[in-house]
Amino acid sequence: MLALELPRRLGAQRTNVRRAAGTARMTAVDSLLMIPGPTPLSPAVRAALAEPMRSHTSTENAASMRRIADGVRACVGSRSARVYTFAGSGTLAMEAALINHAAPGDRVVVCSHGFFGDRFSEIASAHGMHPATVQAPWGSAVRVSDVERACSESAAPAVLTITHVDTSTGVLADCAGLARIGRDAGAIVVVDGVCATGAVEELMDGWGVDVVLTGAQKALSVAPGLAVLAVSERAQHRRAQLDVHAYYADLQRWDPVVDDPTRYFSTHATGLLRALEVSLDEIAAEGLPARFARHRHVAETLRSGFAELGFESLAGTDVLAPTLSVLSVPSGVDEAALRRGLAERGVVVAGGLGPFAGRAIRVGHMGTVGDAEVSRTLEAASNALSDLT
Ligand SMILES: Cc1ncc(COP(=O)(O)O)c(C=O)c1O
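Residues numbered from 1 in each chain as written. Predicted model: local features only at pLDDT ≥ 70, side-chain atom pairs only at ≥ 80, totals over all residues. Heavy atoms only, no water.

Trainee: Could you clarify how one ought to interpret the nonpolar core in this entry?
Mentor: Soluble globular proteins tend to pack their nonpolar side chains together in the buried interior. Judged by nonpolar contacts, the single largest core of 51 residues is most densely connected at Val147, Leu160 and Ile162. Among the elements that line this core, the one with the most residues is helix H11 (residues 270-286), at seven residues. Core analysis: the second largest hydrophobic core is formed by 32 residues, Met94, Ala102, Val110 and Ala158 among them. (Core = buried A, V, L, I, M, F, W, Y, C linked by side-chain atoms within 4.5 Å. Buried < 20%, exposed > 50% of the residue type's maximum accessible area, 1.4 Å probe, protein only. Helix = DSSP H or I, 4+ residues; strand = E, 2+ residues; numbered from the N terminus.)

Trainee: Please clarify how the site of the ligand should be interpreted in this entry.
Mentor: Taken together, the neighbourhood of the ligand is formed by 13 residues, with Thr91, Thr167, Asp192, Gln217 and Lys218 sitting nearest. One nitrogen or oxygen atom from the side chain of Thr91 is found 2.5 Å from an oxygen atom belonging to the ligand. Here an oxygen atom of the ligand and a side-chain polar atom of Thr167 are 2.4 Å apart. Protein contacts shield 86% of the accessible area of the ligand, which totals 390 Å² for the unbound molecule. Contributing elements (two or more residues each) for the shell around the ligand: helix H4 (90-99) and helix H5 (115-126). The element that contributes the greatest number of residues to the shell around the ligand is H4, accounting for three residues. Looking at side-chain class alone, the shell around the ligand contains four nonpolar, six polar and three charged residues. (Near = heavy atom within 4 Å. Polar contact = N/O pair within 3.5 Å; in protein donor to acceptor, adjacent residues only side chain to side chain. Areas by Shrake-Rupley, 256 points an atom, 1.4 Å probe, with all protein chains shown as cover. Nonpolar A, V, L, I, M, F, W, Y, C, P; charged D, E, K, R; others polar.)

Trainee: Explain the sheet that holds strand E15 (residues 360-364) here, please?
Mentor: Pairing between sheet strands relies on hydrogen bonds along the backbone, with the strands arranged either parallel or antiparallel. The antiparallel open sheet is built from four strands, whose spatial order is E11-E12-E15-E14. With one partner strand each, in any of the chains shown, strand E11 (312-313) and strand E14 (350-351) form the two edges of the open sheet. By the bridge criterion, two bridges tie E14 to E15 in an arrangement that is antiparallel. Residue pairing in the sheet places Gly351 in a bridge with Ile361 of E15. Helix-sheet contacts for helix H12 (residues 288-308) involve E11, strand E12 (324-328) and E15, and the interaxial angle to E12 is about 10°. Each of E14 and E15 is contacted by helix H13 (residues 335-344), which is oriented at about 35° to E15, the strand it contacts most. (Pairing = 2+ DSSP bridges. Contact = heavy atoms within 4.5 Å. Axes fitted to C-alpha atoms, helices over the stretch in contact; angles between N-to-C directions.)

Trainee: Could you clarify how one ought to interpret the side chain of Arg291 in this entry?
Mentor: Within the secondary structure layout, Arg291 lies in helix H12. Its relative accessible area of 4% is what places Arg291 among the buried residues. Side-chain polar atoms of Arg291 contact the backbone oxygen of Ala219, separated by 2.7 Å. Discounting chain neighbours no more than four positions away, the residues touching Arg291 are Gly198, Ala219, Ser221, Ile283, Glu286 and Gly367.

Trainee: Would you mind going over the domain arrangement of the protein with me for this structure?
Mentor: Often, the extent of an interface is quoted as the loss of accessible area upon association of its parts. For the protein, the domain assignment lists domain 1 (29-43 + 287-388) and domain 2 (45-284). The C-alpha centroid of domain 2 is placed 26 Å from the C-alpha centroid of domain 1. With both sides pooled, the region where domain 1 packs onto domain 2 buries about 2500 Å², and carbon together with sulfur makes up 64% of that total. Across the domain 1-domain 2 interface, the total number found is 19 residue pairs in polar contact (both at pLDDT 80 or more). Elements with a minimum of two residues in the side of domain 1 that touches domain 2: H12 and E12. Its residues assigned to classes, the side of domain 1 that touches domain 2 shows 19 nonpolar, ten polar and two charged. (Domains from an automatic or database assignment. Buried area = accessible area lost by both parts, 1.4 Å probe.)

Trainee: Explain the pattern of salt bridges here, please?
Mentor: Side-chain pairing between opposite charges can occur once the charged atoms of the two side chains come close. One pass over the full model with this rule turns up 16 salt bridges. Two residues, Asp255 and Arg82, come together in a salt bridge whose shortest N-O distance is 2.8 Å. Of this pair, Asp255 sits in helix H10 (residues 251-259) while Arg82 sits in strand E2 (residues 82-87); the two residues are 173 residues apart in sequence, bridging distant segments of the chain. Per residue, the accessibility class of Asp255 equals that of Arg82, and both read buried. (Salt bridge = Lys/Arg side-chain N within 4 Å of Asp/Glu carboxyl O.)

Okay, here's the thing in structure tokens:
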């Protein structure tokens, strides 16, 4: 009896597990990811992630890395930046950008438009640097005159950081203006492009920016797991003058690999690199000006649709980023319940951060997101709202 019952019970369990797994798969497949990263992947990028594994020292992987370097240079607007791409996240790229260009005890001027700007101050402090944070009220951009003052009121900063788009506030920084101040002060200018690169124009050479860093998972439309840095000659020179107390994040240790990607320093994330190569090819095929215009169009369509539903952008109208919207929910609407209602309709958005937590949603619209995804999101929001009001 027992022998017969046991398999039956196990069989039932397995069926339940299979059912649960089936449900989870259905949800993942059917859901539209409208959070501000990771973003939905194109079919070609998904296919690239499913390709057979390659050796990290193969000529195929080396060719991908060279093409990636070209594609990244195009996205950040640099003819000759040195491109480092290694397994990690945007935060690792932020940390590498700081510790390779400033020493403990150095001043770092941080232009912060929110949570991710503040992160630069935290990283600088963690490494014994002295951050001077120029903080904008949430929803506004840092004023160039305040940054000018911060650069001149004490010792000259070794590094000035700019968060191109802060994903907590949806604010787009005036990179050109802020970079000029940093350059004039003799600082290495670092731009965090995690929520911008590949969707918003970046002119690294034209603006005098020394480092643009990003991750793979937002406007570059790849799965999370890659840290990307484009580094100017001036910044490489600064690195050579410093004694960097790091190992994996020491860019000099990666230099032989950048020169010859068949060499080993640490095992490359070969699958992600292949996916990034494919995504950058798609970006090149779309054309950067067309891609930037598409992002602006999608942002405007989504925001005007949400405005009709009673949502208000929390970033000032003059600093709205084309990659995400931070939208206050209509009064009387429970923000968490709204997000649940959207998720039940297959659309996933993020909640507000910091002072915006509990009163705003964050909707990402970058990478592959187009008119169809915007319509689906607005329809789900309209239906979810009707249920709540
Ligand atoms: C602007 C910005 N910078 C840095 C980061 C940190 O990147 P990661 O989460 O990949 O470490 C994020 C993450 O969302 C971001 O939006």
